[in-house]
Amino acid sequence: MKANDKQLIYTLLKTVDAYECGYTRAKFAGEPLFTDDTVVECERSERIETTVATSNNGSSPVVSIQPSAYSTTGQASADANMSQNSGISLDELNAKVLRCTRCGLARTRNNVVPGMGVEHPDVLVIGEGPGHDEDMQGLPFVGKAGVLLDRMLAAIGLDRKTNCYIANIVKCRPPENRNPFPDEQAACFSFLEAQIHILKPKIILCMGKIAIEKLMNQNIAITQAHGEFFDYNGIPVMPTYHPSALLRNEELKRPAWEDLKKFKRRLDEIKTN
């Protein structure tokens, strides 16, 4: 394939990505430089692993073709660089989320759960993903963990109806409430990026390990990092224990409460300055 053809396809894909995500990503240092292909057609077979087996009746071979692995480094770099919003509203973005079929979770969900709250919040709360109750209602944190979350927020003067917005890393329920797989998180993360850019929260509260790890794009031990502050594009971020963890282990409630008090102090400082 010629370099010009590759560039044309790349530009087309970026245009489609901008339409689906609701905003155009910023250019980044890893933008590809395309060259003409020099590999002849017969050499392409070296890039494919082919397994030949005999069928059950022994009459014909069964061929399994697996493409060779490819790098996603460029896409990960693009996801990490937010751009200026193209003017899409939160309602328009969430409408795109409702139509999403990017990963396998779209086949098992009952409802998509884009998020819930006020459009210009002081606080953005980020969880892991919808559970059973959320999947049935299409709303975030409405089960037992959601009831506890509302109480936790109320204890420091926060409420999804007045000054918070609640969202998740993935917008569809993983089967059996398992942790969302990395590819599922990656497929959905640009929606969260766009939500953050539209909402412009003063501060972010991450509930649990998966939320803070995906947002910060690094491995983080929640037992060590809870109550500590991180930075996401100039926005302070603090992780604490997920409400589900508190329901399973009441000993975590005390450190979680200390985290919330620290979070409230930081928010008050931001609002005062």
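Whatever comes next refers back to the structure up there.
Let me begin by describing the structure that accompanies this report. The residue numbering used here restarts from 1 in each chain and proceeds along that chain's sequence as written. Under the rules for a predicted model, residues below a pLDDT of 70 receive no local features and side-chain atom pairs below 80 are neither given nor counted, while totals for whole chains, interfaces and linings still include all residues. To get the side-chain values, take all heavy atoms of the structure and skip hydrogens and water.

**As for the sheet that holds strand E4 (residues 123-127)**
Overall, mixed pairing links the six strands, which are arranged E3-E5-E4-E6-E8-E7 in an open sheet. Looking at the sheet topology across the chains shown, the edges are occupied by strand E3 (116-117) and strand E7 (230-232). As paired strands, strand E6 (residues 203-207) and strand E8 (residues 235-240) are joined by four bridges and run parallel to one another. Paired with Ile204 across the strands is Val237, a residue of E8. One requirement defines pairing of two strands: DSSP has to find at least two bridges between them. Numbering of helices and strands runs from the N terminus; a helix is a DSSP stretch of H or I covering at least four residues, while a strand is a stretch of E covering at least two.

**A closer look at helix H7 (residues 182-199)**
In this analysis, the expected span of each helix is defined as 1.5 Å times one less than the number of residues it contains. Counted at 1.5 Å a residue, the expected span for H7 with its 18 residues is 26 Å, and the 25 Å between its end C-alpha atoms agrees. Fitting axes to the seven residues ending at a residue and to the seven starting there, one defines the bend at that residue as the angle between these axes. Its maximal kink placed at Cys188, H7 deviates by approximately 40°. Think of it in three bands: residues with accessible area under 20% of the maximum for their type are buried, residues over 50% are exposed, and the middle band is partly exposed, with areas taken using a 1.4 Å probe on protein chains only. Burial runs high along H7: 15 of the 18 residues are buried.

**Quick look at the nonpolar core**
Of all hydrophobic cores here, the largest spans 35 residues; its most connected members are Leu124, Ile126, Ile196, Ile204, Cys206 and Leu215. Those elements that provide at least two residues to this core are helix H3 (90-98), E4, strand E5 (164-168), H7, E6, helix H8 (209-216) and E8. Sorting elements by how many residues they give to this core places H7 first, with nine residues. Within the second largest apolar cluster, 24 residues are counted, among which are Met152, Leu153, Met207 and Leu260. Among buried residues, those of type Ala, Val, Leu, Ile, Met, Phe, Trp, Tyr and Cys that are joined through side-chain atoms within 4.5 Å constitute a nonpolar core.

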